[in-house]
Amino acid sequence: NMITEVEWSYLAGLIDGEGSIRIERNKSRNLQGTPTVALTNSSPTMITWVLSKFGGHLYLKKSKSCWDIYWLGKNTLIILEGILPYLITKKEQAELIFKYRELVGKRGKDHKLTQDNIDKREAIAEALSILKKNSQVVKQKEEEHALDIS
């Protein structure tokens, strides 16, 4: 079932507002990280629709009674390619994931990253972390400002 531009743009809006684009760290191989897109929502209708259209893994957050849908690795790239033209607040983070993915080692027995690529990946992961913190600060400032108006 084909995904329309409207559906991709809708998903982009959801991820811009209630999602995250990050490098998920693997504890056992801390130099390798998995590109991840996640979306948190409390609406069963929304979650069902997103899963039916875009697939993904479902995780119930019991403490908040909401769900996370997340995409990993190659699926992250598919999702990001679809939503990239429509992203506003997380566009730079999505672009960093593509740069991160370009710096992969060869598959198979020689699955090794050069030190240079490891350093570049670390810099990209750090940039993603800074962007996330900055967007949280901006959001907090916007909320404070909105409270000042009323």
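Residues numbered from 1 in each chain as written. Predicted model: local features only at pLDDT ≥ 70, side-chain atom pairs only at ≥ 80, totals over all residues. Heavy atoms only, no water.

A. Quick look at the overall build of the protein. Secondary structure summary: the protein contains 5 helices and 4 strands in total. Ordering the α and β elements of the protein from the N terminus gives α-β-β-α-β-β-α-α-α. Taken over 150 residues, the protein has a buried fraction of 35%. For the protein, long-range pairs separated by at least 24 residues make up 57% of all intrachain contacts whose partners lie at least 6 apart in sequence. Here the protein has roughly 9700 Å² of accessible surface; of this, 56% comes from carbon and sulfur atoms. (Helix = DSSP H or I, 4+ residues; strand = E, 2+ residues; numbered from the N terminus. Buried < 20%, exposed > 50% of the residue type's maximum accessible area, 1.4 Å probe, protein only. Contact = heavy atoms within 4.5 Å. Areas by Shrake-Rupley, 256 points an atom, 1.4 Å probe, with all protein chains shown as cover.)

B. How the structure looks around the confidence of the model for the protein. Mean pLDDT over the protein stands at 84; residues scoring 70 or higher make up 81%. Looking at the elements of the protein, mean pLDDT is at its lowest for helix α5 (residues 115-149), recorded as 75, and at its highest for helix α1 (residues 5-18), recorded as 97. (pLDDT = per-residue confidence, 0-100.)

C. Geometry of the packing of aromatic side chains. This structure, assessed with the given rule, holds 3 aromatic pairs. Look at Trp8 and Phe54: their rings are 5.1 Å apart centre to centre, the planes differ by 55°, and that puts the pair in the tilted class. Here Phe54 lies in helix α2 (residues 44-54) and Trp8 lies in helix α1, a separation of 46 residues in the sequence. A relative accessible area of 14% places Trp8 in the buried class. Ring centres 5.7 Å apart and planes at 75° place the aromatic pair Trp49 and Phe54 in the edge-to-face group. Put simply, the rings of Trp8, Tyr10, Trp49 and Phe54 pair up and form one aromatic cluster. (Phe/Tyr/Trp six-rings, centres within 6.5 Å; stacked < 30°, edge-to-face > 60°.)

D. Spatial organisation of the environment of Leu77. In this fold, Leu77 is placed in helix α3 (residues 73-83). Given a relative accessible area of 15%, Leu77 falls into the buried group. Taking the C-alpha atoms as reference points, Leu77 and Arg101, separated by 24 residues in sequence, lie 8.7 Å from one another. In this view, Leu77 contacts Ile97, Phe98 and Arg101; residues no more than four positions away in its chain are not counted.

E. Focus on the nonpolar core. Counting residues in hydrophobic clusters, the biggest one holds 30 residues, and the most contacted among them are Leu11, Val50, Trp71, Ile79 and Ile83. Put simply, the parts of the chain that give this core at least two residues each are α1, β1 (19-25), β2 (33-41), α2, β4 (66-72), α3, α4 (91-102) and α5. In contact with Ile79, not counting residues within four places along its chain, are Trp8, Leu11, Ile15, Val37, Phe54 and Trp71. (Core = buried A, V, L, I, M, F, W, Y, C linked by side-chain atoms within 4.5 Å.)

F. Up close: the environment of Pro44. Among the structural elements, Pro44 can be located in helix α2. Once the C-alpha coordinates of Pro44 and Cys66 are considered, the two residues, 22 residues apart in sequence, prove to be 8.5 Å apart.

G. The arrangement of the pairing of β4 in detail. Sheet analysis places β2 next to β4, joined by 6 bridges and oriented antiparallel. Its bridge partner being in β4, Leu39 is matched across the sheet by Ile69. Count of turn residues in the strand β3 (residues 57-61)/β4 antiparallel hairpin: 4 residues, of which Ser65 carries a positive phi of about 45°. (Pairing = 2+ DSSP bridges.)

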